[in-house]
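# Structure assessment
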Amino acid sequence: MNRLITAIWAEGLKIRRSRLLWISLSVSILLPIMLGLVFSGSIGSQNNRGGLLDSMGFMEELGFVVSIGGMIGFGFVFSWIFGREYSDGTVKDLLALPLSRYGVAAAKLIVATVWCVALALILFGVGGMAGWLVGLKDWSLEIIVQSFERYVLLALMTICLSIPVAWIASVGRGYLSPLGFIVLTIVITQLGGGMGIAQYIPWAVPGLLSGASGEVDHLQPVSLILPYLTGGIGIAGTLAWWRYANHS
(Lines give C-alpha, C1' and ligand atoms only; values in the text may rest on other atoms or scores of the structure.)
Protein backbone atom coordinates (compact mmCIF):
# COMPACT_ATOMS: atom_id res chain seq x y z
CA MET A 1 0.00 0.00 0.00
CA ASN A 2 2.84 2.39 0.83
CA ARG A 3 4.39 1.75 -2.58
CA LEU A 4 1.06 2.49 -4.29
CA ILE A 5 0.74 5.76 -2.37
CA THR A 6 4.28 6.68 -3.40
CA ALA A 7 3.45 5.93 -7.04
CA ILE A 8 0.31 8.09 -6.81
CA TRP A 9 2.37 10.92 -5.32
CA ALA A 10 4.93 10.57 -8.13
CA GLU A 11 2.22 10.71 -10.80
CA GLY A 12 0.73 13.76 -9.16
CA LEU A 13 4.16 15.39 -9.16
CA LYS A 14 4.46 14.80 -12.91
CA ILE A 15 1.22 16.70 -13.46
CA ARG A 16 2.24 19.57 -11.18
CA ARG A 17 5.45 20.03 -13.16
CA SER A 18 3.82 19.78 -16.58
CA ARG A 19 2.11 22.25 -18.84
CA LEU A 20 -0.99 20.09 -18.69
CA LEU A 21 -1.75 21.50 -15.25
CA TRP A 22 -1.95 25.11 -16.41
CA ILE A 23 -3.60 24.35 -19.75
CA SER A 24 -6.38 22.27 -18.17
CA LEU A 25 -6.88 24.77 -15.36
CA SER A 26 -7.07 27.67 -17.81
CA VAL A 27 -9.71 25.91 -19.92
CA SER A 28 -11.79 24.96 -16.87
CA ILE A 29 -11.75 28.57 -15.67
CA LEU A 30 -12.13 30.46 -18.93
CA LEU A 31 -14.94 28.36 -20.43
CA PRO A 32 -17.56 29.10 -17.73
CA ILE A 33 -16.51 32.76 -17.60
CA MET A 34 -16.99 33.17 -21.34
CA LEU A 35 -20.27 31.29 -21.14
CA GLY A 36 -21.47 33.62 -18.39
CA LEU A 37 -20.57 36.66 -20.48
CA VAL A 38 -22.49 35.22 -23.43
CA PHE A 39 -25.58 34.57 -21.28
CA SER A 40 -25.42 38.09 -19.86
CA GLY A 41 -25.19 39.60 -23.34
CA SER A 42 -21.75 41.12 -22.72
CA ILE A 43 -20.25 39.24 -25.67
CA GLY A 44 -21.76 37.37 -28.60
CA SER A 45 -25.39 37.41 -29.65
CA GLN A 46 -28.18 36.10 -27.48
CA ASN A 47 -30.38 35.71 -30.55
CA ASN A 48 -28.39 32.61 -31.50
CA ARG A 49 -29.27 30.81 -28.27
CA GLY A 50 -32.30 28.58 -28.22
CA GLY A 51 -32.36 27.89 -24.48
CA LEU A 52 -33.32 29.97 -21.48
CA LEU A 53 -31.06 32.92 -20.76
CA ASP A 54 -31.45 32.71 -16.99
CA SER A 55 -29.48 31.02 -14.22
CA MET A 56 -31.16 27.65 -14.70
CA GLY A 57 -30.43 27.72 -18.42
CA PHE A 58 -26.83 28.68 -17.66
CA MET A 59 -26.34 25.76 -15.26
CA GLU A 60 -27.87 23.38 -17.78
CA GLU A 61 -25.41 24.70 -20.34
CA LEU A 62 -22.55 23.88 -17.96
CA GLY A 63 -23.82 20.31 -17.92
CA PHE A 64 -23.80 20.31 -21.71
CA VAL A 65 -20.22 21.62 -21.73
CA VAL A 66 -18.92 18.95 -19.35
CA SER A 67 -20.76 16.14 -21.16
CA ILE A 68 -19.56 17.11 -24.64
CA GLY A 69 -16.35 19.05 -24.12
CA GLY A 70 -15.37 16.86 -21.19
CA MET A 71 -14.87 13.87 -23.47
CA ILE A 72 -12.12 15.82 -25.23
CA GLY A 73 -10.62 17.39 -22.11
CA PHE A 74 -10.77 14.33 -19.85
CA GLY A 75 -9.69 12.11 -22.72
CA PHE A 76 -6.61 14.26 -23.22
CA VAL A 77 -5.73 13.90 -19.54
CA PHE A 78 -5.84 10.09 -19.71
CA SER A 79 -4.00 10.18 -23.02
CA TRP A 80 -1.21 12.33 -21.61
CA ILE A 81 -0.75 10.39 -18.37
CA PHE A 82 -0.44 7.05 -20.16
CA GLY A 83 0.84 7.99 -23.61
CA ARG A 84 3.72 10.17 -22.46
CA GLU A 85 5.52 7.20 -20.90
CA TYR A 86 5.85 5.62 -24.33
CA SER A 87 6.60 8.87 -26.17
CA ASP A 88 9.30 9.83 -23.65
CA GLY A 89 10.66 6.28 -23.48
CA THR A 90 10.22 6.04 -19.70
CA VAL A 91 7.87 3.05 -19.58
CA LYS A 92 10.77 0.62 -18.95
CA ASP A 93 11.91 2.75 -16.02
CA LEU A 94 8.43 2.50 -14.50
CA LEU A 95 8.35 -1.27 -14.84
CA ALA A 96 11.72 -1.51 -13.09
CA LEU A 97 10.31 0.08 -9.94
CA PRO A 98 9.59 -2.13 -6.88
CA LEU A 99 5.87 -2.02 -7.65
CA SER A 100 3.69 -4.45 -9.56
CA ARG A 101 2.54 -3.57 -13.05
CA TYR A 102 -0.99 -3.46 -11.70
CA GLY A 103 0.18 -0.89 -9.16
CA VAL A 104 1.79 1.31 -11.82
CA ALA A 105 -1.34 1.31 -13.97
CA ALA A 106 -3.66 1.73 -10.97
CA ALA A 107 -1.70 4.76 -9.74
CA LYS A 108 -2.02 6.39 -13.14
CA LEU A 109 -5.75 5.65 -13.34
CA ILE A 110 -6.34 7.06 -9.85
CA VAL A 111 -4.40 10.27 -10.52
CA ALA A 112 -6.06 10.81 -13.91
CA THR A 113 -9.54 10.25 -12.46
CA VAL A 114 -8.95 12.53 -9.47
CA TRP A 115 -7.60 15.27 -11.72
CA CYS A 116 -10.61 15.02 -14.04
CA VAL A 117 -12.96 15.24 -11.05
CA ALA A 118 -11.07 18.32 -9.83
CA LEU A 119 -11.36 19.98 -13.24
CA ALA A 120 -15.10 19.26 -13.37
CA LEU A 121 -15.60 20.77 -9.91
CA ILE A 122 -13.55 23.84 -10.84
CA LEU A 123 -15.65 24.29 -13.97
CA PHE A 124 -18.86 24.15 -11.95
CA GLY A 125 -17.56 26.37 -9.14
CA VAL A 126 -16.27 29.06 -11.49
CA GLY A 127 -19.51 28.82 -13.46
CA GLY A 128 -21.58 29.45 -10.33
CA MET A 129 -19.46 32.48 -9.45
CA ALA A 130 -19.57 33.77 -13.03
CA GLY A 131 -23.37 33.58 -13.05
CA TRP A 132 -23.47 35.69 -9.89
CA LEU A 133 -20.89 38.24 -11.07
CA VAL A 134 -22.56 38.90 -14.42
CA GLY A 135 -25.95 39.20 -12.73
CA LEU A 136 -27.88 36.42 -14.43
CA LYS A 137 -31.61 36.46 -13.93
CA ASP A 138 -32.95 34.42 -10.97
CA TRP A 139 -29.48 33.51 -9.73
CA SER A 140 -29.58 31.86 -6.30
CA LEU A 141 -27.71 29.28 -4.26
CA GLU A 142 -30.80 27.07 -4.41
CA ILE A 143 -30.52 26.83 -8.20
CA ILE A 144 -26.80 26.06 -7.89
CA VAL A 145 -27.46 23.25 -5.42
CA GLN A 146 -30.31 21.83 -7.51
CA SER A 147 -28.11 21.79 -10.61
CA PHE A 148 -25.12 20.25 -8.86
CA GLU A 149 -26.55 16.73 -8.56
CA ARG A 150 -27.29 16.50 -12.26
CA TYR A 151 -23.94 18.06 -13.12
CA VAL A 152 -22.07 15.50 -11.01
CA LEU A 153 -23.93 12.67 -12.76
CA LEU A 154 -22.96 14.01 -16.18
CA ALA A 155 -19.34 14.61 -15.14
CA LEU A 156 -18.95 11.09 -13.69
CA MET A 157 -20.43 9.53 -16.81
CA THR A 158 -18.07 11.51 -19.02
CA ILE A 159 -15.03 10.60 -16.91
CA CYS A 160 -15.99 6.92 -17.08
CA LEU A 161 -16.30 7.18 -20.86
CA SER A 162 -12.80 8.70 -20.99
CA ILE A 163 -11.12 5.82 -19.15
CA PRO A 164 -10.85 3.58 -22.25
CA VAL A 165 -8.57 6.27 -23.69
CA ALA A 166 -5.94 5.07 -21.19
CA TRP A 167 -6.22 1.58 -22.65
CA ILE A 168 -5.92 2.86 -26.22
CA ALA A 169 -2.92 5.02 -25.25
CA SER A 170 -1.22 1.97 -23.75
CA VAL A 171 -1.94 -0.31 -26.70
CA GLY A 172 -1.01 2.43 -29.19
CA ARG A 173 2.11 3.33 -27.17
CA GLY A 174 1.70 7.09 -27.51
CA TYR A 175 -0.64 10.03 -28.10
CA LEU A 176 -1.85 9.53 -31.66
CA SER A 177 -4.04 6.46 -31.16
CA PRO A 178 -5.99 7.80 -28.15
CA LEU A 179 -6.60 11.15 -29.81
CA GLY A 180 -7.86 9.32 -32.89
CA PHE A 181 -10.09 7.24 -30.64
CA ILE A 182 -11.60 10.40 -29.13
CA VAL A 183 -12.40 11.73 -32.61
CA LEU A 184 -13.88 8.36 -33.55
CA THR A 185 -16.23 8.36 -30.55
CA ILE A 186 -17.47 11.83 -31.55
CA VAL A 187 -18.11 10.66 -35.11
CA ILE A 188 -19.89 7.51 -33.92
CA THR A 189 -22.04 9.60 -31.58
CA GLN A 190 -23.10 11.89 -34.40
CA LEU A 191 -23.87 8.99 -36.72
CA GLY A 192 -25.81 7.22 -33.98
CA GLY A 193 -27.91 10.31 -33.42
CA GLY A 194 -28.72 10.48 -37.13
CA MET A 195 -29.81 6.83 -37.15
CA GLY A 196 -31.88 7.15 -33.97
CA ILE A 197 -29.77 4.74 -31.90
CA ALA A 198 -27.87 7.31 -29.84
CA GLN A 199 -29.30 5.99 -26.56
CA TYR A 200 -27.46 2.72 -27.15
CA ILE A 201 -24.10 4.39 -27.77
CA PRO A 202 -22.28 4.99 -24.45
CA TRP A 203 -20.57 8.22 -25.53
CA ALA A 204 -23.91 9.75 -26.56
CA VAL A 205 -25.66 9.17 -23.23
CA PRO A 206 -24.29 12.22 -21.32
CA GLY A 207 -25.18 14.51 -24.22
CA LEU A 208 -28.72 13.15 -24.38
CA LEU A 209 -29.12 13.43 -20.62
CA SER A 210 -27.84 17.02 -20.62
CA GLY A 211 -30.38 18.10 -23.23
CA ALA A 212 -27.87 18.66 -26.03
CA SER A 213 -30.50 17.56 -28.53
CA GLY A 214 -32.79 20.41 -27.47
CA GLU A 215 -34.65 18.62 -24.70
CA VAL A 216 -33.71 16.21 -21.95
CA ASP A 217 -34.26 12.68 -23.15
CA HIS A 218 -35.81 10.14 -20.79
CA LEU A 219 -33.35 7.30 -21.15
CA GLN A 220 -33.88 3.66 -20.33
CA PRO A 221 -31.98 2.17 -17.37
CA VAL A 222 -29.73 0.20 -19.72
CA SER A 223 -28.61 3.44 -21.36
CA LEU A 224 -27.71 4.99 -17.99
CA ILE A 225 -25.57 1.95 -17.15
CA LEU A 226 -23.58 2.00 -20.41
CA PRO A 227 -21.11 4.77 -19.43
CA TYR A 228 -20.17 3.02 -16.18
CA LEU A 229 -19.90 -0.33 -17.96
CA THR A 230 -17.62 1.29 -20.53
CA GLY A 231 -15.47 2.74 -17.76
CA GLY A 232 -15.21 -0.67 -16.11
CA ILE A 233 -14.12 -2.26 -19.38
CA GLY A 234 -11.53 0.49 -19.80
CA ILE A 235 -10.11 -0.14 -16.33
CA ALA A 236 -9.96 -3.91 -16.87
CA GLY A 237 -8.37 -3.51 -20.30
CA THR A 238 -5.76 -1.05 -19.05
CA LEU A 239 -4.76 -3.15 -16.06
CA ALA A 240 -4.61 -6.32 -18.17
CA TRP A 241 -2.46 -4.65 -20.82
CA TRP A 242 0.05 -3.33 -18.31
CA ARG A 243 0.17 -6.71 -16.60
CA TYR A 244 0.48 -9.08 -19.56
CA ALA A 245 1.71 -7.06 -22.57
CA ASN A 246 5.30 -7.13 -23.74
CA HIS A 247 6.65 -3.62 -23.11
CA SER A 248 10.10 -4.24 -24.55
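The rules behind the values
Residues numbered from 1 in each chain as written. Predicted model: local features only at pLDDT ≥ 70, side-chain atom pairs only at ≥ 80, totals over all residues. Heavy atoms only, no water. Helix = DSSP H or I, 4+ residues; strand = E, 2+ residues; numbered from the N terminus. Rg over C-alpha atoms; globule rule 2.2 N^0.38 Å. Buried < 20%, exposed > 50% of the residue type's maximum accessible area, 1.4 Å probe, protein only. Contact = heavy atoms within 4.5 Å. Lys, Arg positive; Asp, Glu negative; His and termini not counted. Charge placed at Lys NZ, Arg CZ, Asp CG, Glu CD. Patch = residues over 30% accessible without salt bridge, like charges linked within 9 Å, V, L, I, M, F, W, Y side chains within 5 Å. Areas by Shrake-Rupley, 256 points an atom, 1.4 Å probe, with all protein chains shown as cover. Salt bridge = Lys/Arg side-chain N within 4 Å of Asp/Glu carboxyl O. Axes fitted to C-alpha atoms, helices over the stretch in contact; angles between N-to-C directions. Parallel < 35°, antiparallel > 145°, perpendicular 65-115°, else oblique. Left-handed = near helix turned anticlockwise from the far one by under 90°. Expected span 1.5 Å × (residues − 1). Bend = angle between axes of the 7 residues up to and from the residue.

## Focus: the overall build of the protein
- Within the protein, the secondary structure is distributed over 10 helices and 0 strands.
- For the protein, whose C-alpha radius of gyration is 19 Å, the value lies close to the compact-globule estimate of 18 Å for 248 residues.
- Principal-axis analysis of the C-alpha atoms places the extent of the protein at approximately 60 × 40 × 30 Å.
- Residue burial in the protein is summarised as follows: out of 248 residues, 44% are buried.
- Residue pairs in contact within the protein that sit at least 24 positions apart in sequence constitute 78% of those at least 6 positions apart.
- Charged side chains in the protein number 14 positive and 12 negative. The centres of these two groups are separated by 19 Å.

## Topic: a nonpolar patch on the surface
- Nonpolar side chains collect at one region of the surface, where V183, V187, L191, M195, I197, Y200 and V222 lie side by side and expose about 660 Å² of accessible area between them.
- Checked against the element boundaries, V187 lands in helix 8 (residues 176–195).

## Brief notes about the pattern of salt bridges
- A complete count under the given rule lists 5 salt bridges for this structure.
- Salt-bridge contacts for E85 lead to R84; the nearest nitrogen and oxygen are separated by 3.6 Å. Each member of the pair, E85 together with R84, is buried.
- Between E85 and K108 there is a salt bridge, with its nearest N and O atoms 2.7 Å apart. With E85 in helix 3 (residues 55–87) and K108 in helix 5 (residues 101–133), this pair connects stretches of sequence that are 23 residues apart.

## Brief notes about the packing of helix 2 (residues 19–40) against helix 5
- Helix 5 packs onto helix 2 with a crossing angle of 30° between their chain directions and a minimal axis gap of 8 Å. Comparing the axis directions of helix 2 and helix 5 gives the class roughly parallel. As helix 2 packs across helix 5, the resulting crossing turns out to be right-handed. Contacts between helix 2 and helix 5 involve L21, S24, L25, S28, I29, L31, P32 and I33 from the former and W115, L119, I122, L123, V126, G127 and A130 from the latter.

## Let's talk about helix 6 (residues 141–162)
- In this model helix 6 runs 30 Å from its N-terminal to its C-terminal C-alpha over 22 residues, within 8% of the 32 Å that 1.5 Å per residue would give.
- At F148, helix 6 is bent by approximately 30°, the largest bend along its length.
- Along helix 6, the positions that sit buried rather than exposed are I143, I144, S147, Y151, L154, A155, M157, T158, I159, C160, L161 and S162.
- On its buried face, helix 6 is in contact with helix 3, helix 5, helix 7 (164–172), helix 9 (205–210) and helix 10 (221–244).

## What to know about unusual backbone geometry
- Not every positive phi belongs to a glycine, and R173 is a case in point at roughly 55°.
- Topologically, R173 is positioned in the loop between helix 7 and helix 8.

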